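What the coordinates show
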Amino acid sequence: MTTSEGLFTIPTRIFLATEHRRKLEALVMREGVDLPDLLTELLVNYLDDMPEIEIAVAEPPRQNVEAELKQRRAELRRLRTRLSAEGPQAPQWLKSYIADLEGEIARMEGSRP
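Below: a short report on this structure. Residue positions are counted from 1 within each chain, in the order its sequence is given. With pLDDT at 70 or above as the cut-off, local features in this predicted model cover only qualifying residues; side-chain atom pairs require 80 or more to be listed or tallied, and sums for whole chains, interfaces and linings still use all residues. Calculation of side-chain values draws on the structure's entire complement of heavy atoms; hydrogens and water are dropped beforehand.

**Notes on the overall build of the protein**
Secondary structure is summarised from DSSP: a helix means a run of H or I of at least four residues, a strand means a run of E of at least two, and numbering begins at the N terminus for each. Looking only at helices and strands, the protein has four helices and zero strands in total. Moving toward the C terminus, one meets the helices and strands of the protein in the order α-α-α-α. Note on exposure labels: buried denotes an accessible area under 20% of the residue type's maximum, exposed denotes more than 50%, and partly exposed covers the range between, all computed with a 1.4 Å probe on protein chains only. Looking at the protein as a whole, 12% of its 113 residues qualify as buried. Note on definitions: a residue-residue contact is assigned when non-hydrogen atoms from the two residues lie within 4.5 Å. Partitioning the intrachain contacts of the protein with sequence separation of at least 6 by distance along the chain shows that 47% fall at a separation of at least 24.

**Thoughts on helix H1 (residues 18-31)**
A helix is expected to span 1.5 Å multiplied by its residue count minus one. Here H1 spans 20 Å end to end across 14 residues, near enough to the 20 Å set by a 1.5 Å rise per residue. A positive phi of about 65° marks Gly 32, the residue just after H1.

**Some words on the nonpolar core**
Joining through side-chain atoms within 4.5 Å is the link that ties buried Ala, Val, Leu, Ile, Met, Phe, Trp, Tyr and Cys residues into a set, and such a set is a nonpolar core. Judged by nonpolar contacts, Val 65, Leu 69, Leu 76, Leu 79, Ala 90, Leu 94, Ile 98, Leu 101, Ile 105 and Met 108 together constitute the single largest core of 10 residues. Where this core is concerned, the elements lending two or more residues are helix H3 (62-86) and helix H4 (92-110). Among the elements that make up this core, the one with the highest residue count is H4 (five residues). Sequence-distant contacts of Leu 101, that is, excluding residues within four places in its chain, are made with Arg 72, Glu 75, Leu 76 and Leu 79.

**Some words on the environment of Lys 70**
By secondary structure assignment, the location of Lys 70 is in helix H3. On the basis of relative accessibility, which here comes to 63%, the residue Lys 70 falls in the exposed class. For the pair Lys 70 and Ile 105, spaced 35 residues apart in the sequence, the C-alpha separation amounts to 9.4 Å.

**Here we look at the packing of H1 against helix H2 (residues 35-49)**
To characterise two packed helices, one gives the angle between the axes of the helices and the distance between these axes. Across the interface, H1 lies against H2 with an axial gap of 10 Å and an inter-helix angle of 100°. Here H1 is positioned roughly perpendicular relative to H2, judged by the angle of their axes. Facing Leu 24, Leu 27 and Val 28 of H1, the residues of H2 in contact are Leu 35, Leu 38 and Leu 39. All residues other than Ala, Val, Leu, Ile, Met, Phe, Trp, Tyr, Cys, Pro, Asp, Glu, Lys and Arg, Gly among them, are scored as polar; the first ten of these are nonpolar and the last four charged. Split into classes, the residues belonging to the contact of H1 with H2 amount to six nonpolar, no polar and no charged. Throughout, an axis means a line fitted to C-alpha atoms (over the contacting stretch in the case of helices), and angles, computed between N-to-C directions, take values from 0 to 180 degrees. Angle categories are assigned with fixed cut-offs, so that under 35 degrees is roughly parallel, over 145 is roughly antiparallel, 65 to 115 is roughly perpendicular, and the rest are oblique.

**Points about the pattern of salt bridges**
Any carboxyl oxygen of Asp or Glu that lies within 4 Å of a side-chain nitrogen of Lys or Arg is treated as forming a salt bridge with it. What the rule picks out here adds up to nine salt bridges. For Arg 72, the salt bridge goes to Glu 68, with nearest N and O atoms at 2.2 Å. Note that Arg 72 and Glu 68 are positioned in helix H3 at a spacing of four residues, about one turn of the helix. We classify Glu 68 as partly exposed; its relative accessible area is 32%. The partner of Arg 82 in a salt bridge is Glu 86, with the nearest N and O atoms 2.8 Å apart. Here the residue Arg 82 and the residue Glu 86 both occupy positions in helix H3, the gap between them amounting to four residues, near one helical turn. With a relative accessible area of 25%, Glu 86 lands in the partly exposed category.

Below is the structure:
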């Protein structure tokens with residue numbers, strides 16, 4: 001989920017031993033902040049201290065791209081049929097989804113050899 005400031009929220013659970021939980025509670029009380037704010041600050045500081053990580057995006061095998069394209073085209077046909085059937089009463093999300101899918105298909109077609 002993205003907030004209005006462009007930040008992401010990540011629902012998670014944190015598993016702590018009793019001793020660590022007590023220390024965390026004391027830190028929250030001492031700092032006078034909410035737990036999510038404190039954990040965010042701690043995590044951001046930790047990540048900022050890490051060396052830069054280059055994330056390599058693996059190119060999917062060609063046969064998978066063709067299969068994905070086929071699947072997306074079928075989904076696009078199904079959605080266009082629904083859009084046509086619902087006419088002017090079609091929800092805006094359906095139109096947006098169709099536009100996104102068309103863009104994704106165009107991108108995938110452009111990446112083929």
